[in-house]
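Each chain, letter by letter, is given below.
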There are 2 protein chains.
Amino acid sequence: MSTRIIEVRAKVMKQNDLLARALRERFESAGVCVISLVSSPGSGKTAFLEKLLHRLAREFHVAALVGDLATENDAERLRRATPHVRQITTGTVCHLDAQMVETALEGWDLAALDILFIENVGNLVCPSSYDLGEGLRCVLLSATEGEDKPLKYPTIFNSSDVAILTKMDMAEAAEFDLEAARRNIESVRPGMRIFEVSSKTGLGMEEVLCFLRELRAHASPSAMAEHIQS
Amino acid sequence: MSTRIIEVRAKVMKQNDLLARALRERFESAGVCVISLVSSPGSGKTAFLEKLLHRLAREFHVAALVGDLATENDAERLRRATPHVRQITTGTVCHLDAQMVETALEGWDLAALDILFIENVGNLVCPSSYDLGEGLRCVLLSATEGEDKPLKYPTIFNSSDVAILTKMDMAEAAEFDLEAARRNIESVRPGMRIFEVSSKTGLGMEEVLCFLRELRAHASPSAMAEHIQS
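Residues numbered from 1 in each chain as written. Chains lettered and ligands numbered in written order. Predicted model: local features only at pLDDT ≥ 70, side-chain atom pairs only at ≥ 80, totals over all residues. Heavy atoms only, no water.

Q: Is there a simple way to explain the overall build of chain A in this structure?
A: When you go through chain A residue by residue, the secondary structure sums to 9 helices and 7 strands. For chain A, whose C-alpha radius of gyration is 17 Å, the value lies close to the compact-globule estimate of 17 Å for 230 residues. Going through the 230 residues of chain A one by one, you find that 58% of them count as buried. Looking at chain A alone, contacts between residues at least 24 apart form 71% of all its contacts between residues at least 6 apart. Here chain A has roughly 9200 Å² of accessible surface; of this, 50% comes from carbon and sulfur atoms. For chain A, the separation between the mean place of its 26 positive charges and that of its 33 negative charges on side chains is 2 Å. (Helix = DSSP H or I, 4+ residues; strand = E, 2+ residues; numbered from the N terminus. Rg over C-alpha atoms; globule rule 2.2 N^0.38 Å. Buried < 20%, exposed > 50% of the residue type's maximum accessible area, 1.4 Å probe, protein only. Contact = heavy atoms within 4.5 Å. Areas by Shrake-Rupley, 256 points an atom, 1.4 Å probe, with all protein chains shown as cover. Lys, Arg positive; Asp, Glu negative; His and termini not counted. Charge placed at Lys NZ, Arg CZ, Asp CG, Glu CD.)

Have a look at this one:
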């Protein structure tokens with residue numbers, strides 16, 4: 001990449017960081033717990049989120065923003081669980097940024113929400129650099145993608161708070177080496193909490209729900225950070 | 001994205017296009033057939049390429065450049081098939097560009113090669129915008145990623161010449177809807193040639209090999225373009 005584009009990008013990133021900080025303060029004062037999901041395309045973010053929303057909607061006021069280059073398909077799927085879903089279509093842009101999130105929130109009463117999910121564009125590289133003001137960032141890695149991905153895409157794992165191994169029902173068929181995956185995550189992000197789930201069979205979903213309930217009980221970002229570490 | 005970064009990017013893209021054009025002329029005059037592979041992380045580019053290289057190395061002088069943010073793992077794997085493999089580590093950059101390809105080729109006698117593969121960074125968004133001077137761009141989509149990806153990431157399918165559906169041995173377990181996948185590819189890139197393969201079972205590899213042999217027999221880019229359409 002040219003020096004010129006790096007300089008301009010640095011400025012844009014700084015603007016994004018400022019806006020993300022303002023968003024984070026807004027979320028905190030509204031008492032809403034904001035969780036973003038990042039992963040490769042097709043690692044099961046939407047299926048996982050759909051299952052979570054169905055379960056969480058019984059207990060909490062939940063909402064979701066979903067990012068994609070094109071189509072409204074994901075928002076339509078998620079609206080079966082909750083009406084509070086908005087799609088952000090980015091065109092050719094490979095990630096969400098804080099400005100897109102702020103625009104998408106227009107007219108929503110954040111104080112009326114308990115948990116807001118932000119599903120990023122499927123991309124294991126670019127979203128890592130853009131703070132969205134979230135309190136928690138979850139990186140998803142599917143068993144079918146292979147256990148080497150944390151080493152090959154270290155930044156996105158390093159900038160996330162929690163890792164979720166998805167499609168564990170296919171781990172055997174995909175010859176997924178779970179121990180190697182755990183070791184690779186640990187090497188790029190020591191101490192990171194790791195969940196193993198299958199949206200299809202329901203495996204591991206209870207553990208994630210418990211974790212989110214606890215997280216919600218400590219909704220301020222600083223308290224959340226402590227909770228994640230513990 | 002800000003107007004400023006878009007303007008600077010346009011200039012960088014123009015530089016890339018000029019350099020890619022020069023590379024394409026170099027490849028053509030050297031008589032080497034250059035094929036790039038793009039896909040999500042974990043859709044099986046390296047496994048597919050490894051199988052291809054082992055087979056093609058019996059008949060042709062083959063070489064490969066492999067892009068990753070970090071690690072030399074892929075190059076090491078591919079070197080079992082041919083010694084002519086170089087890794088391009090991009091750091092935090094989410095795609096290969098023509099300059100990286102030119103630099104990586106330094107010291108190689110292109111005229112001594114028959115087929116050169118360029119495996120891009122795993123990313124279904126950004127690589128679509130960067131011409132690498134290749135004669136053929138193949139987009140890979142694994143059965144485990146889901147049949148909706150062509151609609152959600154139309155640019156990368158639209159800018160590719162051939163689609164390869166990988167991990168077809170897991171299609172049933174993943175409940176992959178093959179007809180929908182074919183329909184979705186057709187809708188974003190009408191007439192696109194589609195192969196179905198499994199690097200694990202060998203399914204469909206013969207068809208790909210036949211296609212590549214034919215392609216190699218028509219190594220000039222204009223003849224290649226005609227061959228792809230036929």
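Q: Looking at this model, I keep getting lost on the interface of chain B and chain A. Mind explaining?
A: How large an interface is tends to be reported as the accessible area lost when its parts come together. Facing the 40 residues of chain B at the interface are 41 residues of chain A. A combined buried area of about 3400 Å² lies between chain B and chain A, and 62% of that area is made up of carbon and sulfur atoms. At the junction of chain B and chain A, the tally comes to 6 salt bridges. Measuring nitrogen to oxygen at the nearest pair gives 3.3 Å for the salt bridge that ties Lys200(A) to Glu175(B). (Buried area = accessible area lost by both parts, 1.4 Å probe. Salt bridge = Lys/Arg side-chain N within 4 Å of Asp/Glu carboxyl O.)

Q: Would you mind showing me how to read the nonpolar core here?
A: A general tendency of soluble globular proteins is for nonpolar side chains to be buried together. One finds Val139(A) and Val139(B) to be the most contacted residues of the largest nonpolar core, which totals 46 residues. Listing elements by their share of this core, those giving two or more residues are strand E5 (136-142), helix H6 (154-158), strand E6 (162-166) and helix H7 (178-188) of chain A together with strand E5 (136-142), helix H6 (154-158), strand E6 (162-166) and helix H7 (178-188) of chain B. Those residues in contact with Val139(A) that sit more than four places away from it in its chain are Val38(A), Leu124(A), Ile156(A), Phe157(A), Ser160(A), Val162(A), Ala163(A), Ile164(A) and Met192(A). (Core = buried A, V, L, I, M, F, W, Y, C linked by side-chain atoms within 4.5 Å.)

Q: What am I meant to see in the sheet that holds strand E7 (residues 193-196) of chain A here?
A: Either a parallel or an antiparallel arrangement is found when strands of a sheet pair, and the pairing is made through backbone hydrogen bonds. Residues and elements named next belong to chain A. On the basis of which strands lie adjacent, the open sheet formed by 7 strands has the order E3-E2-E4-E1-E5-E6-E7 and parallel pairing. Both edges of this open sheet fall to strand E3 (85-89) and E7, since each of them pairs with a single strand only. On average, adjacent strands in this sheet sit at an angle of 20° to one another, irrespective of strand direction. When strand E1 (residues 33-38) meets strand E4 (residues 115-119), the two strands line up parallel, connected through 5 bridges. The partner of Ile35 across the bridge, within E4, is Phe117. Packed onto the sheet, helix H2 (residues 45-56) meets E1, strand E2 (62-68), E4, E5 and E6 and runs at close to 170° relative to E4. (Pairing = 2+ DSSP bridges. Axes fitted to C-alpha atoms, helices over the stretch in contact; angles between N-to-C directions.)

Q: In this structure, what is going on with the relation of the copies chain B and chain A? I would like to understand it.
A: Both copies of the chain are tied together by a single rotation about an axis and a shift running along it. Of the transformation superimposing chain B on chain A, the axial component is 0.0 Å and the angular component is 180°, with the fit at an RMSD of 0.0 Å. The transformation relating the two chain copies, once decomposed into turn and shift, fits a two-fold axis. Same-surface contact between copies: 100% of interface residues of chain B are shared with the interface of chain A. (Least-squares fit on C-alpha atoms with pLDDT ≥ 70 in both.)

Q: How do you make sense of the side chain of Asn16(A) when you look at a structure like this?
A: Residue and element names in this part refer to chain A. Mapped onto the elements, Asn16 comes out in helix H1 (residues 3-30). On the basis of relative accessibility, which here comes to 6%, the residue Asn16 falls in the buried class. In this structure, Asn16 is in contact with Asp97, Ala98, Gln99, Tyr130 and Asp131, ignoring residues within four places of it in sequence.

Q: Please clarify how H2(A) should be interpreted in this entry.
A: Owing to its 3.6 residues per turn, the α-helix brings residues three or four apart onto one side. An ideal rise of 1.5 Å per residue puts 16 Å on 12 residues; H2(A) measures up with 16 Å between its terminal C-alpha atoms. Taken together, the buried positions of H2(A) are Lys45(A), Thr46(A), Phe48(A), Leu49(A), Glu50(A), Leu52(A), Leu53(A) and Leu56(A). (Expected span 1.5 Å × (residues − 1).)

Q: Is there a simple way to explain the sheet that holds strand E7 (residues 193-196) of chain B in this structure?
A: Residue and element names in this part refer to chain B. Taken in spatial order, the 7 strands make up an open sheet running E3-E2-E4-E1-E5-E6-E7, and their pairing is parallel. Only two strands of the sheet have a single partner each, and these edge strands are strand E3 (85-89) and E7. The mean angle between the axes of side-by-side strands here comes to 20°, regardless of whether they run parallel or antiparallel. Where helix H2 (residues 45-56) meets the sheet, its contacts fall on strand E1 (33-38), strand E2 (62-68), strand E4 (115-119), E5 and E6, and the angle it forms with E4 comes to roughly 170°.

Q: Explain the pattern of salt bridges here, please?
A: Opposite charge on two side chains lets them pair, provided their charged atoms get close. In the structure shown here, the tally under the stated rule is 30 salt bridges over all chains. Between Asp131(B) and Arg24(B) there is a salt bridge, with its nearest N and O atoms 2.7 Å apart. Here Asp131(B), found in the loop between E4 and E5, pairs with Arg24(B), found in helix H1 (residues 3-30); they are 107 residues apart in sequence, far enough to count as distant. According to the relative accessible area criterion, Arg24(B) is partly exposed, its value standing at 24%. Put simply, Glu50(B) and Arg77(B) hold a salt bridge, and the shortest N to O gap is 3.3 Å. Of this pair, Glu50(B) sits in helix H2 while Arg77(B) is found in helix H3 (residues 73-78), placing the two residues 27 residues apart along the sequence. A relative accessible area of 25% places Arg77(B) in the partly exposed class. Among the charged side chains, a salt-bridge network with shared partners connects Asp68(A), Asp74(A), Asp148(B), Lys149(B) and Lys152(B).

Q: So what exactly am I meant to see when it comes to the environment of Met13(A) here?
A: Residues and elements named next belong to chain A. If you trace the backbone, Met13 turns up in helix H1. On a C-alpha basis, the gap between Met13 and Gly146 in space is 31 Å, while along the polypeptide they are 133 residues apart. Non-local contacts of Met13, meaning those with residues more than four positions away in its chain, are made with Ser129 and Tyr130.

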